[in-house]
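Understanding the architecture of this molecule
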Amino acid sequence: MAAKAAAAPVAELTGPLAGLKEKFGEAVKPGDFEGVVINHDRLVEVATYIRDELGYDYLTSVTGVDYLAQNEMEVVYHVLNTRAGGAPLVFKARTPRENAVVPSLITVWPGADFQEREAWDLLGIKFEGHPYLKRILMWEGFSGHPLRKDWKEAYYEQDVKPFDSRWPGGHHRRAEDRVPYADNVNFPADFDPTVYTAQADAAVYERFKNYEVDERGQFVPKEAVKDENGNGKFQEYLETDELVVNLGPQHPSTHGVFRMVVALDGEKIMHLEPVMGYLHRNHEKIGERNTYIQNMPFTDRLDYLSSMSNNFGYALAVEKLMKVTPPERAEYIRVIMAELTRICNHVWAIGFLLNDLGAFFTPALYAIEERELILDLFEAVSGSRMMCNYFRFGGVARDLPVGWLETCRELVFNRLPKKVDELDYFLSENEIIRARCEGSGVLTGDDAVKYSTAGPVLRASGVAYDVRRAEPYSIYERFEFDVAVRNHGDVYDRYLIRLDEVRQSLRILQQALNQIPEKGEIQAGKKQYSARVPAGQAYGRVEGPKGELGFYVVSDGTANPYRYHIRAPSFINLTALGPMSVGQKIADAVIILGSIDIVLGETDR
Amino acid sequence: MDVGISILVWLVLSIVLVFMLLTGFAYTTLLERRVIARFQSRVGPNRAGPQGLLQPLADGVKLIFKEEIIPASADKVTFILAPLLAVIPAIVVFAVIPFGSSIELFGVKVPLTLAPNMNVGILYVLAITSVSVYGIVLAGWASNSKYSMLGGLRSSAQMISYELAMGLSLVALVVVAGTLDLNAIVEQQKQVWYFFLQPFGAIIFMITALAEVNRAPFDMPEAEQELTSGYNTEYSGMKFALFYMAEYIKMIVISALSVTFFFGGYREPLPLFLTQALPFLSVDHTPLLGPLYFGLKIIALLIVQVWVRATLPRFRYDRLMKFGWLVLLPISLAWVMITALVVLLRG
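Rules used in this analysis
- Residues numbered from 1 in each chain as written.
- Chains lettered and ligands numbered in written order.
- Predicted model: local features only at pLDDT ≥ 70, side-chain atom pairs only at ≥ 80, totals over all residues.
- Heavy atoms only, no water.
- Helix = DSSP H or I, 4+ residues; strand = E, 2+ residues; numbered from the N terminus.
- Rg over C-alpha atoms; globule rule 2.2 N^0.38 Å.
- Buried < 20%, exposed > 50% of the residue type's maximum accessible area, 1.4 Å probe, protein only.
- Patch = residues over 30% accessible without salt bridge, like charges linked within 9 Å, V, L, I, M, F, W, Y side chains within 5 Å.
- Areas by Shrake-Rupley, 256 points an atom, 1.4 Å probe, with all protein chains shown as cover.
- Salt bridge = Lys/Arg side-chain N within 4 Å of Asp/Glu carboxyl O.
- Phe/Tyr/Trp six-rings, centres within 6.5 Å; stacked < 30°, edge-to-face > 60°.
- Lys NZ or Arg CZ within 6 Å of the ring centre and 35° of its normal.
- Axes fitted to C-alpha atoms, helices over the stretch in contact; angles between N-to-C directions.
- Parallel < 35°, antiparallel > 145°, perpendicular 65-115°, else oblique.
- Left-handed = near helix turned anticlockwise from the far one by under 90°.
- Nonpolar A, V, L, I, M, F, W, Y, C, P; charged D, E, K, R; others polar.
- Contact = heavy atoms within 4.5 Å.
- Polar contact = N/O pair within 3.5 Å; in protein donor to acceptor, adjacent residues only side chain to side chain.
- Pairing = 2+ DSSP bridges.
- Core = buried A, V, L, I, M, F, W, Y, C linked by side-chain atoms within 4.5 Å.
- Domains from an automatic or database assignment.
- Buried area = accessible area lost by both parts, 1.4 Å probe.
- pLDDT = per-residue confidence, 0-100.

Before going further, it helps to spend a moment on the overall build of chain B. Broken down by element type, chain B carries 13 helices and two strands. Taking 347 residues into account, the globule formula puts the C-alpha radius of gyration at 20 Å, and chain B, at 21 Å, falls close to it. If you line up chain B on its principal axes, its C-alpha atoms span 60 × 50 × 45 Å. Burial analysis of chain B (347 residues in total) assigns 51% to the buried set.

Set out below in structure tokens:
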């Protein structure tokens, strides 16, 4: 069933791709998509050329696709030019399924770190030269690589939904009843779950400088730590050790089940290692079992604070494949929803950043008050406050209820601008906030691009990159707004930029609410039970509240996506957490994490 | 007076005092939750009893029936002792705080202070409040957990640094008052509160007192966002409740001390002409009003503490130390010298 898209190779390579072909000759081949396939013996060389000569300085997405029928693995790279904007440049590397190896691009774009680890974890593609190619979302007792097409989960039923047992005529039997002893759960050959103890997660500590793992798998400080001159450090005259503290997974300010392993010298952070995957449910595998439309409500569960934006990204990707455009009114509704979501998310982020600073819930609750009003609007259109499931391919699910626009206008024109000013007035100049936020967790613009951070984190470091402006989607080119930029890259700027963005969102909303047609279609074509998606591949991306949210969808013409990958901004932004936190105080680690603004539903997927 | 009667009076008085403190603690928690809810545009606990008045009772019952967990690697004796060490000093400080002048009961003159006219009152207060840090440090150490230990270390460093400034702010007060006796200090404020004579001293005292009891914005030892719960992370059930109790009783104690030192103690908080026109409002005329005025003043200061907690984010630890040593200490030193100079010049 894994029929690969049968489109003919794009014969003519245009623009930057033509230059690539000219320079590297046979190593670069045109693919059956808008991009090139690069021989992996010259991959690093070509990638460096793409970065330095073509100006694509930002690696946005790395993922793999398993083509079982061709017995081939593909690694798909999407790179961006943060200065010129425009569509991403796509290139791929191919490798046989057995012993899949591709050179790592971490030296070219350090932001590839987490994504290559994820591709190794889920697809079993080895990245040669990656310094720390360990599982990132799964645990070490997990057998196999789940996104491979021949991998079956423990309670496997069928390849794709709808499952026969859930369909009229079939009888639903719970998977747990069919396999009552869970005896189809596999473990790796050298792994025994009965002797596994949590202390064995020495792998996490491996990268800590002053520590090593002894023969029992325990984590111990190195005997003698020498400085450059070969002198022992503190140990000779004073017994001091670094203290390793696990912040999380159960911790009040990791915003979910996220864990930071921190080595402390006093209160100073010497090393920080993010550990994630506690909320992992393999969203992408489930997504590939689902039909296209079933994934729409499933995207709500990614970043559960901004479900409308998630819907938007996924709808864009599939619409690219289906080649439909939503009608005018639907486009306006989409933009309004996306911008309301952004406001929702940012006031929440600001409120909880203040909470991380130790303000006892007061700013958070003031922020939530506004969020509640926006959620009321969401509830009115979609029936649900958080899991909205409102977008459809080629439109939205329902038209706006009577009076909705008036309520929304009242909120956007009168209430919210005042409330934003109020937040600004009470918080921005507070002595303690400034003392704690200014200069902590600094991320330079170069580093922000290097680590592939996105959204407010990127823009607070002085890089004016916003997908809405760089590659306008939907009807964003009609609106007048500024891309908010701040230049210091510290926690304070990441706080301020969220206020700026809320103000810009309000500007967009005010224009959209003035321009939206009073009546009109909200869905292109007729409503269908199941979307018919032609074979092909598409990368749909939106500027989500947390950063660039991308959906890479490969269709083989059936009712289910062949590959469904999410470029999750919360996940990739965490690459910069370690570098930002080293040298800061432990109290700062918490606010740095808070200023990145992660949602674990999206980080772990 | 007969020794037997005075012992009886003392016994009854101390029982009443402890009972009032414990009730006060319970209702301070309710006060804090309700007031903070108002600050945060919420309602707060209002389900248990009318206006949530039975909430402290419900909390107490819940905590008593919670499972007591002692971590396997903890030092058991110290682990159990630590909460007691935190609570006892907090209660004991109250012995020297006058909450009224003296009243006649069944022909017996009852002073409304447990240890009236103690001539080392302020020294006693400083000594006992310093002891209370042991509860926290030992809890942090005995839990054998990293968060607890960091919390305990933080609190010891913090308390030591802030006690200096606190002591100095009281030195200035003693220079003016010329006595260490708390009853005498209150009586001296009959006409004008020391707050107006010692504004810097009063403000420094209140700031350092906040730090002393680990209240926001100085709640470093239990910084929830960094250390989950700091020194009491590993505690549960009644032992946890004891720490909680210690914190809130200490809140009451520092409010009571601030009132005694700077806000006229149990003296009526009324302008002079009013008490001259309506003499029955004066404590001299109706001694029973003393505890009432005292209580109202304490509640006002408690609300200020809650207000601060609802408003301010937390300091960072290193800045907190810097603030203590480089700002508060020099200011209070300078203030002591200025006060001494003025007193000297006025003869």
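The structure having been displayed, the exposition proceeds.
With that settled, consider a nonpolar patch on the surface. A surface patch of nonpolar side chains, about 790 Å² in accessible area, is lined by Tyr-27, Leu-53, Leu-54, Leu-57, Val-61, Ile-64, Phe-65 and Met-238 of chain B. Here the nonpolar patch gets three residues from one element, more than from any other, and that element is helix α2 (residues 55–64) of chain B.

Residue and element names in this part refer to chain A. Within this structure, the stated rule accounts for 36 aromatic pairs over all chains. Seen in terms of ring centroids, Tyr-492 and Tyr-495 are 6.0 Å apart; in terms of plane orientation they differ by 35°. Their pairing is tilted. Of this pair, Tyr-492 and Tyr-495 both sit in helix α16 (residues 491–515), three residues apart, roughly one helical turn. The pair formed by Tyr-492 and Tyr-495 is uniform in burial state, with each residue classed as buried. Above the plane of the ring of Tyr-562 lies Lys-149, whose end atom (NZ or CZ) is 4.3 Å from the centre. Its guanidinium or amino end placed over the ring of Phe-571, Arg-605 lies 4.8 Å from that ring's centre, counting from NZ or CZ.

Residues and elements named next belong to chain A. With their axes 9 Å apart at the nearest point, helix α9 (residues 328–356) and α16 run at an angle of 155° to one another. Judged by the inter-axis angle, α9 sits roughly antiparallel to α16. The handedness of the crossing between α9 and α16 comes out as left-handed. For the contact of α9 with α16, the per-class residue count stands at 17 nonpolar, three polar and four charged.

Moving on: the interface of chain B and chain A. Each partner contributes residues to the interface: chain B has 25 residues there, and chain A has 34 residues. Taken together, the connections running from chain B to chain A amount to zero salt bridges. Viewed at the interface, chain A and chain B are joined by seven residue pairs in polar contact (both at pLDDT 80 or more). Here the residues of the side of chain B that touches chain A sort into 11 nonpolar, four polar and 10 charged.

Bringing the packing of helix α10 (residues 237–262) of chain B against helix α12 (residues 289–311) of chain B into the picture now. Residue and element names in this part refer to chain B. Two elements in contact, α10 and α12, have axes whose closest approach is 9 Å; the angle formed by their N-to-C orientations is 120°. One way to sum up the angle between α10 and α12 is to call them oblique. Seen from above, α10 lies across α12 with right-handed handedness. Between α10 and α12, the contacting residues are Tyr-248, Met-251, Ile-252, Ile-254, Ser-255, Ala-256, Ser-258, Val-259 and Thr-260 on the first element and Phe-294, Lys-297, Ile-298, Leu-301, Leu-302, Gln-305 and Arg-309 on the second. Considered class by class, the residues forming the contact of α10 with α12 number 10 nonpolar, four polar and two charged.

Residue and element names in this part refer to chain A. As summarised here, the arrangement of the three strands in space is β15-β16-β17, forming an open sheet in which the pairing is antiparallel. Each of the sheet's edge strands pairs with one partner strand only, and the pair in question is β15 (536–544) and β17 (563–567). Neighbour to neighbour, the strand axes of the sheet diverge by 10° on average, direction disregarded. Where strand β16 (residues 547–555) and β17 come together, five bridges link them in antiparallel fashion. In the strand pairing of β17, Val-554 is matched with Arg-563.

Further remarks concern the nonpolar core. The nonpolar side chains of soluble globular proteins are, as a tendency, buried together. By size, the foremost hydrophobic cluster in this structure holds 162 residues, and its most contacted members are Ile-50, Tyr-77, Phe-91 and Tyr-390 of chain A. Ala-90, Leu-112, Leu-182 and Phe-243 of chain B belong to the second-largest nonpolar core, a separate cluster that totals 70 residues.

This part takes up the domain arrangement of chain A. Residue and element names in this part refer to chain A. Domain assignment breaks chain A into domain 1 (16–128) and domain 2 (283–604). The interface is formed by 32 residues belonging to domain 1 together with 26 residues belonging to domain 2. Its largest share of buried area at the contact with domain 2, domain 1 owes to Tyr-58, Thr-82 and Phe-114, together 24% of the area lost on that side. The tally of links between domain 1 and domain 2 comes to 15 residue pairs in polar contact (both at pLDDT 80 or more). Secondary structure elements with two or more residues in the side of domain 1 that touches domain 2: β3 (58–67), β4 (72–80) and α3 (112–123). With 10 residues, the top contributor of residues to the side of domain 1 that touches domain 2 is β3. Counted by class, the side of domain 1 that touches domain 2 contains 15 nonpolar, 11 polar and six charged residues.

What follows is about the confidence of the model for chain A. Residues and elements named next belong to chain A. Scored by pLDDT, chain A comes out at a mean of 82, with 90% of its residues at no less than 70. Contacts for the low-pLDDT stretch residues 1–10, under 50 throughout, to residues beyond four places or in other chains number 22 contacts. Counting interchain partners and residues more than four positions distant, the pLDDT-below-50 stretch residues 232–237 has 10 contacts.

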